[in-house]
Amino acid sequence: MTTPKDFNDRMLSLGLARVSEAAAHASARLIGRGDEKAADQAAVNAMRDQLNMLDIKGVVVIGEGERDEAPMLYIGEEVGTGDGPEVDIALDPLEGTTLTAKDMPNALTVIAMAPRGTLLHAPDVYMDKLAVGPGYPVDVVSLEMSPAERVRALAAARGVKDSDITVCILERPRHEDMIDEVRSTGAAIRLITDGDVAGVIHCAEAELTGIDMYMGSGGAPEGVLAAAALKCMGGQMWGRLLFRNDDERGRARKAGITDLDRIYARDELVTADVIFAATGVTNGSIVAGVKREPSHLTTETILMRSKTGSVRRMIYRNPIR
């Protein structure tokens, strides 16, 4: 079993950046083409090829789905050369397939890596999520609070008016009541159509994005990826799995989850040091999208390590072959 001492995050981090860059390059060819499945498959193929070049004994714990649903990068798939540390891998080869197909902002390729057994094996169900950036008292807000109470508590912690708070929410019919309640406080809302990993990351860079808090339900696997990013950047996050039927409860039990009502804090979603990489596919507020020139592709990647709290932005200009 890999220990934190064996997990050389400094050496592995640049390799992880190459994985996310390769997926962005591959999916960029399909920006605006209207084919979500083809864009996602291109990213999957490229990400898998690059992962298998890394000297790791990797297991995909957050992936494209169960083995019978996804031919590659399925949950439980082993990746890497088989030499090196045992690691958990969480990935979304293309977070924002619709955004890519329609050439809309904030499509990303996303991947995180941590020592084996330290990333929550979140089933493919919904998760109720709440996140804020760094610098606040512990548990300044909670999932037990109503949306309005969260706004008021965060405003008080910042020493500002409720109307000075901006909340990011995924635009879905299920969030209509939440949106109405948040707006009743005078707070502003930034609605996003897809990509709630990016939505959570926005909280950690409130000075740049203007977003103070993220709330609402979205995919549980994306919740683990978002927690990995926040563990690197600073900030607080909570998640609670949501189940619509017995089949989804069975998925959770299959993943080893026994307390179906548990609220997970950030460091319970990601229990050890983690590295995280995201590369822009379409232009967004976190990283720039892929820029195609006659002879080159240029990408921007954000690469983070929780051990040091380092956040590195890298521009990669690669010749088109």
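In this text the structure is predicted, and so the values were computed from the model without any measurement. Counting restarts for each chain: residues are numbered from 1 in the order of the written sequence. In keeping with the predicted nature of the model, local features appear solely for residues at pLDDT of at least 70, side-chain atom pairs appear and are counted solely at 80 or more, and the whole-chain, interface and lining totals rest on all residues. Derived side-chain values reflect all non-hydrogen atoms in the structure, with water molecules and hydrogen atoms excluded from consideration.

Asker: Would you mind showing me how to read the layout of surface pockets here?
Answerer: Which parts of space are left empty comes out when a probe the size of a water molecule is rolled across the atoms. Every definition here rests on a 1 Å grid over the protein atoms only: cavities are sets of points where a 1.4 Å probe fits but cannot get out, pockets are open sets enclosed by protein on both sides within 12 Å along at least five of seven lines, and lining residues have some atom within 4 Å of a point. Grid points are joined across faces, edges and corners, and a volume is the space filled by probe spheres set on the points. Quantified by volume, the largest pocket comes out at close to 790 Å³. Taken together, 30 residues make up the lining of the largest pocket; nearest its centre are Asp-92, Thr-97, Asp-124, Gly-219 and Glu-222. Runs of E in the DSSP output that reach at least two residues are strands. Runs of H or I that reach at least four are helices, and both are numbered from the N terminus. Secondary-structure elements contributing two or more residues to the lining of the largest pocket are α2 (36-51), β3 (86-95), α3 (97-101), β8 (213-219) and α8 (220-233). Tallying contributions element by element places β3 first for the lining of the largest pocket, with four residues. For this scheme, ten residues count as nonpolar: Ala, Val, Leu, Ile, Met, Phe, Trp, Tyr, Cys and Pro. Four count as charged, namely Asp, Glu, Lys and Arg, and the remainder, Gly too, count as polar. Residues of the lining of the largest pocket, tallied by class, amount to nine nonpolar, eight polar and 13 charged. In this structure, the lining of the largest pocket is formed jointly by two domains, domain 1 (9-117 + 274-319) and domain 2 (126-269), each of which donates at least three residues. Domain extents, as shown, originate in an automatic or database domain assignment.

Asker: Explain the pattern of salt bridges here, please?
Answerer: Two side chains bearing opposite charge may form a pair once their charged atoms approach each other closely. By definition here, a salt bridge exists when the distance from a side-chain nitrogen of Lys or Arg to a carboxyl oxygen of Asp or Glu is within 4 Å. Per the stated rule, a full pass over the model turns up 16 salt bridges. Linking Asp-267 and Lys-231 is a salt bridge whose minimum nitrogen-to-oxygen distance equals 2.9 Å. Remark: Lys-231 occurs in helix α8 and Asp-267 occurs in helix α10 (residues 266-269); sequence separation between them is 36 residues. A relative accessible area of 38% places Asp-267 in the partly exposed class. Per-residue accessibility, obtained with a 1.4 Å probe over protein chains only, is compared with the maximum for each type, and a residue is labelled buried under 20%, exposed over 50%, and partly exposed between these values. The exposure class of Lys-231 is buried, given its relative accessible area of 15%. The salt bridge partner of Arg-249 is Asp-246, with a shortest N-O separation of 3.0 Å. Of the two residues, Arg-249 and Asp-246 are both situated in helix α9 (residues 246-254); the distance of three residues between them amounts to about one turn of the helix. Each of Glu-205, Glu-300 and Arg-313 takes part in one network of salt bridges that share partners.

Asker: I'm lost on the UniProt feature "binding site: Mn(2+) 2" (unreviewed entry) in the protein in this one. Help?
Answerer: UniProt positions are given in the numbering used here, feature names are shortened, and annotations may be inferred rather than shown by experiment. Within this structure's numbering, the places UniProt gives as "binding site: Mn(2+) 2" (unreviewed entry) are Asp-92, Glu-95 and Glu-222. Annotated residues spanning 131 residues; largest pairwise C-alpha distance 8.7 Å, indicating a single compact cluster. Of the annotated set, the members that line the largest pocket are Asp-92, Glu-95 and Glu-222. If you trace the backbone, Glu-95 turns up in strand β3. The contact criterion used throughout is that any non-hydrogen atoms of two residues lie within 4.5 Å. With sequence-adjacent residues up to four places away left out, Glu-95 is seen in contact with Asn-106, Ala-107, Leu-108, Val-110, Gly-195, Asp-196, Val-197, Ala-198 and Glu-222. Owing to a relative accessible area of 22%, Glu-222 belongs among the partly exposed residues under this scheme.

Asker: I tried to follow unusual backbone geometry on my own but got confused; where do I start?
Answerer: The phi torsion at Leu-73 lies on the positive side, around 55°, for a residue other than glycine. Mapped onto the elements of the fold, Leu-73 is located in the loop between β1 (57-62) and β2 (78-79). On the basis of relative accessible area, Leu-73 is assigned to the buried category, the value being 0%. Of note in the backbone geometry, Asn-106 takes a positive phi value of approximately 75° without being a glycine. For Asn-106, the location among the structural elements is in the loop between α3 and β4 (108-115).

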